[in-house]
Amino acid sequence: MEAMLSFSVTSLHIPTPLETPTPFKRSIFLNSQLHSTLPLFTRNTSKFKLLTALSPSPLTDSSTNLQVDDDDDEVEGETGSEKFDWYSQWYPLMPICDLDKRAPHGKKVMGIDVVVWWDRNEGAWQVFDDACPHRLAPLSEGRIDQWGRLQCVYHGWCFNGSGDCKFIPQAPSDGPPIHTSKKACVAAYPSIVQNDILWFWPNTDPQYKDIITRKKPPFIPEIDDPSFTSLMGNREIAYGYEVLIENLMDPSHVPYAHYGLMKTPQPKVKADREGGRPLELSIEKLDINGFTANQGWSKSKFMPPSIFYAYSDPNKPASSDESKKSSVQRKFSLIFICVPVSPGNSRLIWCFPRNFGLWIDKIVPRWMFHVGQNLILDSDLYLLHLEKIMDVGQANWHKACFVPTKADALVIGFRKWLKKYAGGEVDWRGKYSGALPPTPPKEQLMDRYWSHVVNCKSCNLAYKSLNVVEVMMQIISVASIGIVAIMKQGMVSAATRNSMVVLAVLSFALSRLLAHFIYKNFRYHDYNHAFR
């Protein structure tokens, strides 16, 4: 995760971390701990071999006897009698800060189309099937009516926060109350807001109506801690959930795929321009609840299905230099929440809580952070979309990929978990044929507007506001030229006429520069690795 600091800090556009003090580089994720009302890991005493194609000599973590070797992929001892149920988990939908209470929102998770809307009568966010029971029109294209009900705009049927139909305009007022029929109801999913994120349980069976009393989403204390700042972001990703998680667990790609976008710790002797180097990563525990990983000075956790969380080793004391510089230990962590949307599509919600530099988030608009973070996501989006891993099939991953070094330990651990407990892939329950969606043109694939801006309240507002400024600049330019044209010779001085011409030229130039800025940062930014 050493390289992952660069992802978080430089992408936040914090001025100082570009040359991060050495003590902070040595201890990035400072004493952050994740807590949950449920045990994160159950004891599993069995030994196993992590999958790889192929290191001729095994890589061993002596503390736990976990191995990476090229033998068969059978599990020693216990053979994964526990099975991960993809539909008995909490899934994040969106950060609350990016949901508009005035309108319904359509989202897809695990291949399930849902509509998210604010029920002002109950004071809660509701999650329904995104289909009106009448003719299956999408409720996400509807509206919130004057009584706070969700209204389908195809025929006007209205539903309350429990999914009950409260009004059918086509039904005679003096006839039978057909709106009370169970067939007129919309399926409602259990949902909860936790850590400023809306979560839902993808099962509408009545037995799960009170699931929140028995099982809650993992709780991340730093997000709710007032001594931390924790701006969030979200983006639709045009490659699969498995590829997204692997990419986030792989610090070795950072100096190459994101070259020039972030500062990474450099070795004393560089073998190449980018400064790639060996990394000592190892898996400590792996069971149905995910795994923990160690790289000496930091730790990380994968908490299936969605959370990958990196933090400092709580047992490692702060350096003496850090103690001298500050009486309060600086804490920083990386939180990536990965959502399986459909084969070849995923959603990422990110948050980098820290307890220092809080003033920066108060003066720098949130959308400016997202500009840099989106550039980092863009820099490897196209190559990951075209990556052949999904084509070779989950069962053949360990045969097709050559992962001989410890730098790939977390990726191997994820594939090990996926194979042992989840059958090697996401359970889509037959919703898809297995074929990946076709690759669209690159401009469409990497268009930030539809993947991020429309789903981010701050970036959407900035996009609209900057477009207004651009139009105003054009109006000023045209108006200035018009004024000069109608001025009669001798009525005004030459200096005044020249000033108006200069104003027109500057306004036009600024409008063009602003248009380029808007397009590059809110629409499409090409990233050519060959010229970095």
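Parameters at a glance
- Residues numbered from 1 in each chain as written.
- Predicted model: local features only at pLDDT ≥ 70, side-chain atom pairs only at ≥ 80, totals over all residues.
- Heavy atoms only, no water.
- UniProt positions renumbered as here; feature names shortened; annotations may be inferred.
- Helix = DSSP H or I, 4+ residues; strand = E, 2+ residues; numbered from the N terminus.
- Buried < 20%, exposed > 50% of the residue type's maximum accessible area, 1.4 Å probe, protein only.
- Pairing = 2+ DSSP bridges.
- Phe/Tyr/Trp six-rings, centres within 6.5 Å; stacked < 30°, edge-to-face > 60°.
- Lys NZ or Arg CZ within 6 Å of the ring centre and 35° of its normal.
- Contact = heavy atoms within 4.5 Å.
- Axes fitted to C-alpha atoms, helices over the stretch in contact; angles between N-to-C directions.
- Parallel < 35°, antiparallel > 145°, perpendicular 65-115°, else oblique.
- Left-handed = near helix turned anticlockwise from the far one by under 90°.
- Nonpolar A, V, L, I, M, F, W, Y, C, P; charged D, E, K, R; others polar.
- Core = buried A, V, L, I, M, F, W, Y, C linked by side-chain atoms within 4.5 Å.

A. Geometry of the UniProt feature "transmembrane region" (unreviewed entry) in the chain. UniProt feature "transmembrane region" (unreviewed entry): in the numbering of this structure it lies at residues 466-487 and 499-519. Secondary structure content for residues 466-487 is 95% helix and 0% strand, while the C-alpha to C-alpha distance between its ends is 32 Å. Counted over residues 499-519, helix gives 100% and strand 0%. Its end C-alpha atoms are 30 Å apart.

B. Broad picture of the pairing of strand β6 (residues 112-119). Counting buried positions along β6 gives 7 out of 8 residues, so the element sits mostly inside the fold. Of the pairings in the sheet, the one linking strand β5 (residues 105-109) to β6 comprises 5 bridges and is antiparallel in character. Across the sheet, Lys108 pairs through a bridge with Asp113, a residue of β6. With antiparallel pairing between neighbouring strands as the criterion, β5 and β6 make up a hairpin whose turn holds 2 residues, including Met110 at a positive phi of roughly 55 degrees. Note that β6 and strand β7 (residues 124-129) share 6 bridges and pair antiparallel. Each bridged residue has a counterpart across the sheet, and for Trp117 the counterpart in β7 is Gln126. Hairpin connection of β6 to β7: 4 residues between the antiparallel strands, including Gly123 at a positive phi of 65 degrees.

C. Broad picture of the packing of aromatic side chains. Scanning all chains against the criterion turns up 24 aromatic pairs. A centroid spacing of 6.2 Å and a plane angle of 80 degrees characterise the contact between Trp86 and Trp417, whose relative ring orientation is edge-to-face. One end of the pair, Trp86, is in the loop between β3 (66-68) and β4 (91-95); the other, Trp417, is in helix α11 (residues 409-422), and 331 residues separate them in sequence. Residue Trp86 shares its accessibility class with Trp417, and that shared class is buried. Feature note: the residues Phe84, Trp86, Tyr241, Phe291, Phe302, Phe414 and Trp417 constitute an aromatic cluster, connected by ring pairs. The lysine or arginine in question, Arg429, covers the ring of Tyr87, its NZ or CZ lying 3.7 Å from the ring centre. If you follow Lys442 out to its NZ or CZ, it ends over the ring of Tyr382, 4.7 Å from the centre.

D. Examining the side chain of Asn374 more closely. Structurally, the position occupied by Asn374 is in helix α8 (residues 366-386). Given a relative accessible area of 2%, Asn374 falls into the buried group. When residues no more than four places from it in sequence are discounted, the contact partners of Asn374 are Arg235, Arg448 and His452.

E. View of the packing of helix α14 (residues 457-486) against helix α15 (residues 494-523). Where α14 meets α15, the closest approach of the two axes is 8 Å, and the angle between their N-to-C directions is 155 degrees. Looking at the two axes, α14 sits roughly antiparallel to α15. Relative to α15, α14 is oriented so that their crossing is left-handed. Among the residues forming the contact of α14 with α15, the class breakdown is 21 nonpolar, 6 polar and 4 charged.

F. Region of interest: the nonpolar core. With 62 residues, the main nonpolar core has Trp86, Phe302, Leu348, Phe414 and Trp417 as its most contacted residues. Top element by residues in this core is α11. It accounts for 7 residues. Every residue in contact with Trp86, bar those within four places of it in the chain, is listed here: Tyr91, Met110, Pro202, Tyr241, Pro305, Trp417, Leu418, Ala422, Glu425, Val426 and Asp427. Met232, Tyr309, Ile337 and Ile349 belong to the second-largest nonpolar core, a separate cluster that totals 18 residues.

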